[in-house]
Every structure is written in structure tokens, then in C-alpha cells.
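Structural features, examined
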Amino acid sequence: MMSHKRFETRSGVTGVRGLGLLAGFLPVFLAGAAPAPAAAQVQGIGLGVVVSHISDQPGRIDPRGQRIHQKLSAQIRYQSLSVLQTHQMKLGLNEVRSLSLPNSRSLRVRATDIGERGVLLNVDVEGSVQTDLRVKNGHLVVFGTEPYDNGKLVISLEPTW
Amino acid sequence: MSERGDNRFDGFGRAEAFDEKSEQLLHAYHDGELQGRALRRFERRLESSPALTKELELLRSMGDVARELDSAVATPDLWDPIALRLPAEDARKTQEREQSARGWLSWLTGVDGRMALARPLGAVAVAAVAALAVARWWAVPEPSFAQGGVVRWMDSGGRNVMVLEDDGASGTTVIWLLDGGSAEGASLGGSNDVA
């Protein structure tokens, strides 16, 4: 069972104000924004990426996408699922990994922190969504992105460490 | 150093006393908030006060700097190097940071942070703008979400997104960009109303 949230986010950069004396406490400001120390015991995060295409056109469910299908079919209706790409990558902390998607967009992922609550991932599905996710080991995150080839491009991420 | 009653120097090196009211009016004028008689009265004051005019110019120039920085953020050439640092800077955190900065300014100056804008510290201010931008890129996100959901921040460019948060049992989180197109949702008989 899942809880459902629906919302609209808005991009934009807030205007910069109150700057006259910032230089005076610049060290404090930068120190507060410094990256958190990484968990020393984790050498890297494995990240499984599966890029799929779903469509309401009758078709098969790609066996390689069976796990995604199991998770997704209860929530989203579609009639076919094809796996277009699979990747297994190793993420170092604060290392940006990028891959090209079938729609000529890119997927960028960065792990910025890892702890008891999981790994903190910055994910940018170009043209669709940018997000920060705190993901536990083995947790599957599925993105339904832009329309693609009379269906939709679906990207799943599964970090392990 | 108190902002109230501070001596400002006009373009001829003459000191002119600024009070808090003048500062507020200046900012209100700069932000386009003055109307009617108040607007005309302040414009007359501006004509007769080179120091006020200079302060106004400073405000405007700092606004230009801030806008230039913001537009630089959106430049594609800059996007790759900074990559995914942008998601760390959601509006809420930025707001918190600005509030925090104002708090610091208040602590340091005894006045509202906004009033510090009026200080004639052009070069320092530009450096501070740059520093703020750098800090924004380097900040690592870690919001204190009590509920501990998977999605900590999101920007979909104004488009609707459906988030199916995992409750721990399914081990899955679905983030679904809603485009009103095919292959999704209740419009096709799915369990979710995604229209």
C-alpha cells in the first residue's frame, strides 16, 4: 500500500537580498553550507538503472522489466513494457554520473551522503524532474518521465551498497 | 554600527543623515511599492538628495548583479559542471537560508537584513552575491523531514507530478510526471487519478 501525494513544484531562483554585510560572515556562511562528511565505511554505491518504455498498446512485458512491472502495474495502467537500457554503475560520493536516454535527454545522478537512513541521491531527469531522494539499500525508485514513442519513458533506480 | 541616523556621503563627499524611515521609503520606492502622494513626495526628495539617489542607484545595480547571477545559473554551458547541485537548492531551503542570513545581519547590525542593502559597499556586496551563489551550489541537502519520506525535494518545472511514496512494505517509490497523455492513470483504468 502506498500513500499518494500530488503536487506541483515550481522552479525559480529566489532573489538575492540582504547582501551588504554578507562578506563579513562569509566564512561562517560557507562553513554552514559545506558538504557533510561521508560514511567512511562505504566505498561506493552501486546503482542499477533500467530504462523502459511502457505503452497502452497491447504487447509483451519484457522479462527484464518484471520487477518494475510488479511494482508499477498496480498503480499505473499500461499494456506493454519493454526494457530499452540497463546499466549498473558505481557511484562515489559527490560523483556525478550521467547517461543518455533514448529520447536524447540525459539522466544525471549524484550521491551526496550516505547514512543509516539511506543514500541521498540528487537525480536530474533532463526535461522532466530534478529531485533529491533519501533511498534505503535496495529500494526501487521509478520515474515516469516524458511521453516517448506513443507511450512513456520509465526510469528505475535501485541503489545498493 | 547603527543603521539608524547613519551618515551617508553624497556624490560630493557631503554627509547626509539617513533615518530608518528614509531607508524604508527608499526600499519601498525601489520595489515599486510607493503610490500616489507618497510616491510623488519621495520623488521630490530624491531630486533634492544626491545621497538618496546614489543609494537608489546602488540598490538597482545590486539587483542587476543578482539577476545576472540568476541568469548565469540557467546558462546551459554552466549546467554540466554544476550538474546536480541545483536540486540541493530548493525554494524552501533557499528561503530558510535567506532568513538565516537576515537573522545574522540583524544580529550583526541590529537592523533588518534588507536595510543593509543600502550600504554603499558596492564591491563587497558584489563579492557577497558571488559568495552566496557559491554557497548555494555547494550546499548539501539534508532537510529535516520528520516523516522520513524518500522524496526530499523536487522540481518538475511547474508540471504536475504524482508521487507514490513507499510505506515500507513495497520497497518502491513512484515519481510520475503527469502529462495528460496516454499510458497512465485512471483515464485508462489505472488505480490512480492522474488526469
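Owing to the predicted nature of the structure, the values given are computational and were not obtained by experimental measurement.

**Things to note about the pattern of salt bridges**
Residue and element names in this part refer to chain A.
- Under the counting rule described, the total for this entry stands at seven salt bridges over all chains.
- As a salt-bridge pair, E146 and R105 come within 3.5 Å of each other at their nearest N and O atoms. Residue E146 is located in strand β8 (residues 140–148), and its partner R105 is located in the loop between β4 (96–100) and β5 (106–115); the two are separated by 41 residues in the primary sequence.
- Linking D124 and R108 is a salt bridge whose minimum nitrogen-to-oxygen distance equals 3.4 Å. With D124 in strand β6 (residues 118–125) and R108 in strand β5, the pair connects residues that are 16 residues apart, well separated along the chain. Of the two residues, D124 and R108, neither departs from the other in class, the shared state being buried.

**Quick look at the confidence of the model for chain A**
Residues and elements named next belong to chain A.
- Predicted confidence across chain A gives a mean pLDDT of 81, with 74% of residues reaching 70 or more.
- In the predicted structure, residues 6–18 sits below a pLDDT of 50 and forms 39 contacts with residues beyond four places in sequence or in another chain.
- Here residues 31–38 is a poorly scored stretch, pLDDT under 50, and it has ten contacts once near neighbours within four places are set aside; other chains count.

**Topic: the nonpolar core**
- L107(A) and F143(A) are the most contacted members of the largest nonpolar core, which has 31 residues in total.
- What L107(A) contacts, discounting residues up to four positions off in sequence, is V49(A), R97(A), S98(A), L99(A), L101(A), V123(A), D124(A), V125(A), I155(A) and L157(A).
- The next biggest cluster of nonpolar side chains, apart from the first, holds 16 residues, and it includes Y78(A), M162(B), V174(B) and W176(B).

**Let's talk about unusual backbone geometry**
Residue and element names in this part refer to chain A.
- Unlike most non-glycine residues, N94 shows phi in positive territory, near 65°.
- A residue is classified by how much of its surface remains accessible, and N94, at 35% relative accessible area, is partly exposed.
- Of note in this structure, D149 is not a glycine but carries a positive phi near 50°.
- When you line up the elements, D149 lands in the loop between β8 and β9 (151–160).

**Describing the sheet that holds strand β7 (residues 129–135) of chain A**
- On the basis of which strands lie adjacent, the open sheet formed by five strands has the order β4(A)-β5(A)-β6(A)-β7(A)-β3(B) and antiparallel pairing. Since the sheet does not close on itself, it has two edges, and those belong to β4 of chain A together with β3 (151–155) of chain B, each with one partner. When the angles between neighbouring strand axes are averaged without regard to direction, this sheet yields 15°.
- Of the strand pairs in this sheet, β4(A) and β5(A) are connected by five bridges, and their pairing is antiparallel.

**Examining the packing of aromatic side chains**
All names here are of chain B.
- Following the criterion strictly, the structure yields one aromatic pair over all chains and no others.
- Geometrically, the ring pair formed by Y29 and F42 is tilted, given 5.3 Å between the ring centres and 40° between the ring planes. Of this pair, Y29 sits in helix α1 (residues 20–30) while F42 sits in helix α2 (residues 36–48), and the two are 13 residues apart along the sequence. Take Y29 and F42: they sit in the same class, and that class is buried.

**As for a positive patch on the surface**
Residue and element names in this part refer to chain B.
- Together, K21, R37, R40, R41 and R44 give the surface a local cluster of positive charge.
- With four residues, the top contributor of residues to the positive patch is α2.
- For R44, the location among the structural elements is in helix α2.

**Thoughts on α1(B)**
- Those residues of α1(B) that fall on the buried side of the exposure criterion are S22(B), E23(B), L25(B), L26(B), H27(B), A28(B) and Y29(B).
- Just beyond α1(B), the residue with positive phi is G32(B), at close to 75°.

**Concerning the pairing of β6(A)**
Residue and element names in this part refer to chain A.
- A large share of β6 lies buried, amounting to eight of its eight residues.
- In sequence, β5 turns back onto β6 through a hairpin of two residues.
- Judged from the seven bridges that link them, β6 and β7 form a sheet pairing that is antiparallel. For V119, the partnering residue across the bridge sits in β7 and is V135.

**Topic: the environment of G115(A)**
- Among the structural elements, G115(A) can be located in strand β5.
- When the C-alpha positions of G115(A) and K136(A) are compared, they lie 9.2 Å apart, and in sequence the two are 21 residues distant.

**Some remarks on the packing of α1(B) against α2(B)**
Residues and elements named next belong to chain B.
- Packing of α1 against α2 leaves a shortest axis separation of 11 Å and a crossing angle of 110°. The orientation of α1 relative to α2 falls into the category roughly perpendicular. On α2, the residues that touch S22, L25, L26 and Y29 of α1 are L39, F42, E43, R45 and L46.
- Among the residues forming the contact of α1 with α2, the class breakdown is six nonpolar, one polar and two charged.

Calculation rules
Residues numbered from 1 in each chain as written. Chains lettered and ligands numbered in written order. Predicted model: local features only at pLDDT ≥ 70, side-chain atom pairs only at ≥ 80, totals over all residues. Heavy atoms only, no water. Salt bridge = Lys/Arg side-chain N within 4 Å of Asp/Glu carboxyl O. Helix = DSSP H or I, 4+ residues; strand = E, 2+ residues; numbered from the N terminus. Buried < 20%, exposed > 50% of the residue type's maximum accessible area, 1.4 Å probe, protein only. pLDDT = per-residue confidence, 0-100. Contact = heavy atoms within 4.5 Å. Core = buried A, V, L, I, M, F, W, Y, C linked by side-chain atoms within 4.5 Å. Pairing = 2+ DSSP bridges. Axes fitted to C-alpha atoms, helices over the stretch in contact; angles between N-to-C directions. Phe/Tyr/Trp six-rings, centres within 6.5 Å; stacked < 30°, edge-to-face > 60°. Patch = residues over 30% accessible without salt bridge, like charges linked within 9 Å, V, L, I, M, F, W, Y side chains within 5 Å. Areas by Shrake-Rupley, 256 points an atom, 1.4 Å probe, with all protein chains shown as cover. Lys, Arg positive; Asp, Glu negative; His and termini not counted. Charge placed at Lys NZ, Arg CZ, Asp CG, Glu CD. Parallel < 35°, antiparallel > 145°, perpendicular 65-115°, else oblique. Nonpolar A, V, L, I, M, F, W, Y, C, P; charged D, E, K, R; others polar.

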